[in-house]
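# Structure assessment
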Protein chains: 2
Amino acid sequence: MKIGILGYGNLGRGVEYAIKENSDMELAAVFTRRDPSSVKINSNVPVVKISEIENWKNKIDVLILCGGSATDLPIQTPKFAGMFNVIDSFDTHAKIPEHFSKVDEAAKFGNHIAIISVGWDPGLFSLARVYSNAVLPDGKDYTFWGKGVSQGHSDAIRRIEGVKDAKQYTIPVKTALEAVRSGKNPELTTRQKHIRECFVVLEDGANAAEVEQKIKNMPNYFDEYNTTVNFISEEELLKNHSGLAHGGFVIRSGNTGENKHHNHIVEFRLKLDSNPEFTSSVLIAYARAAYRLNKEGQSGCKTVFDIPPAYLSAKSAEELRAHYL
Amino acid sequence: MKIGILGYGNLGRGVEYAIKENSDMELAAVFTRRDPSSVKINSNVPVVKISEIENWKNKIDVLILCGGSATDLPIQTPKFAGMFNVIDSFDTHAKIPEHFSKVDEAAKFGNHIAIISVGWDPGLFSLARVYSNAVLPDGKDYTFWGKGVSQGHSDAIRRIEGVKDAKQYTIPVKTALEAVRSGKNPELTTRQKHIRECFVVLEDGANAAEVEQKIKNMPNYFDEYNTTVNFISEEELLKNHSGLAHGGFVIRSGNTGENKHHNHIVEFRLKLDSNPEFTSSVLIAYARAAYRLNKEGQSGCKTVFDIPPAYLSAKSAEELRAHYL
């Protein structure tokens with residue numbers, strides 16, 4: 001299976017590592033919008049200007065799109081689904097139906113498979129929700145994120161006047177997690193579920209108290225949370241807060257039986273040292289599925305909900321039944 | 001969707017409850033080897049002698065086989081897969097390949113779908129293993145069971161002379177769980193992973209010390225574990241140890257990236273008040289999938305690895321994409 005990578009940031013680099021873990025795959029090329037000579041990669045394959053990607057139509061089995069959901073993927077995925085089997089990690093939840101329909105049309109036209117919104121949320125977390133809802137129709141869903149850096153919230157802090165740099169951690173509240181696991185199906189407010197912890201580097205002469213108030217009162221982002229703000233030096237931010245760890249919990253608490261007196265907790269948890277490397281690893285598993293589905297003659301846009309689990313595995317159906325069932 | 005239940009024990013009763021949670025399903029009949037007039041069910045449908053099941057061929061969409069793996073299912077599943085779409089919870093891991101091949105032949109001959117080994121282990125636990133292995137090829141798997149009653153171990157105690165009744169709980173060792181979650185990929189012995197806690201009712205005049213030694217030294221069942229034995233009265237056993245709670249943890253700890261220095265923990269956990277009712281709920285979700293696959297013209301034997309998650313859900317593909325992805 002020959003894999004192409006489009007976009008060489010944290011995610012693209014993660015895909016490059018993930019390919020090395022899978023002996024049935026090899027990297028064919030990395031495509032970039034930048035000057036290819038400026039992109040240093042870890043593999044001995046060509047770095048190609050994106051404008052030349054059409055020349056690779058018969059040399060790549062699956063193209064992994066490693067751009068962002070805001071501006072890259074809404075254009076790139078429909079465009080390249082006509083040319084290649086593609087995988088993306090589109091994560092703007094509200095726009096998934098629109099994205100799906102555009103990609104589906106392009107993929108069907110080009111006779112290719114596109115799998116969108118692959119990763120852990122959307123992705124493995126979505127799977128946990130669908131499996132547990134199908135099994136326990138009478139129940140309640142809970143998702144907790146973290147501990148991990150929220151990019152959107154960190155960006156929001158950086159836009160405040162007087163802020164030089166910032167990182168924001170989302171942290172699940174332990175007592176809330178325990179209440180959910182107890183089977184009591186609590187109603188939890190936004191404030192009760194997550195804490196927001198901020199590490200902020202100020203510009204020279206900025207007013208710390210003022211910045212702190214602006215953060216804590218920011219609508220939608222922080223005002224509904226218990227937020228702590230720590231002012232630190234640029235060196236400390238770089239040294240202690242450059243990690244890309246993340247994770248979270250998807251829990252369904254449901255009831256069955258006579259009078260619904262039996263409670264069941266289904267919990268799926270991720271604890272990730274590197275958010276982009278784990279996401280890349282999921283992308284690569286779904287690249288295998290896209291390749292196989294297309295070989296079978298299928299085309300169109302799919303999500304993780306449409307893919308039989310066996311299609312993700314390098315192992316044969318016999319091997320899976322004998323050793324994993 | 002019209003469902004038939006074959007065998008009305010804890011599992012059959014659980015399926016009956018689960019059907020009431022799913023508005024796209026209804027119970028058509030319960031089939032039994034017993035005298036039908038002696039079987040009291042909770043629904044207003046016929047209880048039918050198993051010898052008359054052929055008369056129901058066109059009145060049932062999916063037959064749920066609720067018998068045991070030791071002697072019932074190896075015979076029943078191949079037999080009825082020729083007549084109906086069927087679901088079973090066959091859990092003799094070592095014999096799954098043989099069972100699969102017999103059922104596959106029968107189901108293909110009858111143009112039906114059979115899904116075998118459905119439940120939580122095998123079942124949802126197997127799915128957790130396959131997904132996490134596909135995503136993290138370089139890693140280590142851990143399964144912990146409990147806290148819950150092990151039927152096989154309880155039976156083994158009951159066979160000892162002087163024992164009137166007994167229940168055995170399998171309990172995961174907390175420190176082992178924490179060591180796994182820490183990402184250290186520990187090598188754990190059998191003794192380090194689970195504790196076995198026994199509650200035993202003695203026959204009049206039996207020697208407690210002797211029974212305790214026989215339990216603790218029983219090869220395979222107890223000798224490799226830290227086992228505690230509690231002698232209690234018959235009343236206490238009935239009052240405090242009649243529950244059917246169970247659960248467990250499937251954890252994969254894997255590494256990615258340059259020098260594999262990033263660790264990721266994927267954990268799937270179940271905490272179940274009623275093992276048979278939860279298993280039944282899984283069976284019913286897969287009954288929906290069997291019905292849909294057969295409507296599409298597919299036939300043969302499948303496992304949870306072959307079924308796209310969306311097929312389990314009563315919700316449409318559009319609804320799943322819009323609200324669960």
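That block above? That's the structure.
Residues numbered from 1 in each chain as written. Chains lettered and ligands numbered in written order. Predicted model: local features only at pLDDT ≥ 70, side-chain atom pairs only at ≥ 80, totals over all residues. Heavy atoms only, no water.

## Considerations on the interface of chain A and chain B
Between chain A and chain B, the contact holds 63 residues from the first and 63 residues from the second. Across the interface of chain A and chain B, roughly 5800 Å² is buried in total on both sides, 64% from carbon and sulfur atoms. For the pair chain A and chain B, the number of links is two salt bridges. Among the ionic pairs, E21(A) bridges to K260(B), the shortest N-O distance being 3.2 Å. Scanning the region where chain A abuts chain B turns up 27 residue pairs in polar contact (both at pLDDT 80 or more). The element best represented in the side of chain A that touches chain B is strand β13 (residues 262-272) of chain A, accounting for 11 residues. (Contact = heavy atoms within 4.5 Å. Buried area = accessible area lost by both parts, 1.4 Å probe. Salt bridge = Lys/Arg side-chain N within 4 Å of Asp/Glu carboxyl O. Polar contact = N/O pair within 3.5 Å; in protein donor to acceptor, adjacent residues only side chain to side chain. Helix = DSSP H or I, 4+ residues; strand = E, 2+ residues; numbered from the N terminus.)

## Re the pattern of salt bridges
What the rule picks out here adds up to 32 salt bridges over all chains. Its salt-bridge partner being R321(A), residue E318(A) comes within 3.9 Å of it at the nearest N-O pair. Here the residue E318(A) and the residue R321(A) both occupy positions in helix α11 (residues 317-323), the gap between them amounting to three residues, near one helical turn. Overall, the relative accessible area of 52% leaves E318(A) in the exposed class. In this structure R321(A) comes out as buried when scored by relative accessible area, which is 11%. Put simply, E21(A), D138(B) and K260(B) are held in one network by salt bridges that share partners. (Buried < 20%, exposed > 50% of the residue type's maximum accessible area, 1.4 Å probe, protein only.)

## Some remarks on the packing of helix α4 (residues 124-135) of chain A against helix α10 (residues 275-295) of chain B
As a packed pair, α4(A) and α10(B) sit with axes 8 Å apart at the nearest point and diverge in direction by 105°. By the angle class used here, α4(A) and α10(B) are roughly perpendicular. Where α4(A) abuts α10(B), its residues Y131(A), A134(A) and V135(A) lie against F278(B), S281(B), V282(B), A285(B) and Y286(B). Split by residue class, the contact of α4(A) with α10(B) holds seven nonpolar, one polar and no charged. (Axes fitted to C-alpha atoms, helices over the stretch in contact; angles between N-to-C directions. Parallel < 35°, antiparallel > 145°, perpendicular 65-115°, else oblique. Nonpolar A, V, L, I, M, F, W, Y, C, P; charged D, E, K, R; others polar.)

From the geometry alone we can't say anything about function, so treat these as descriptive.
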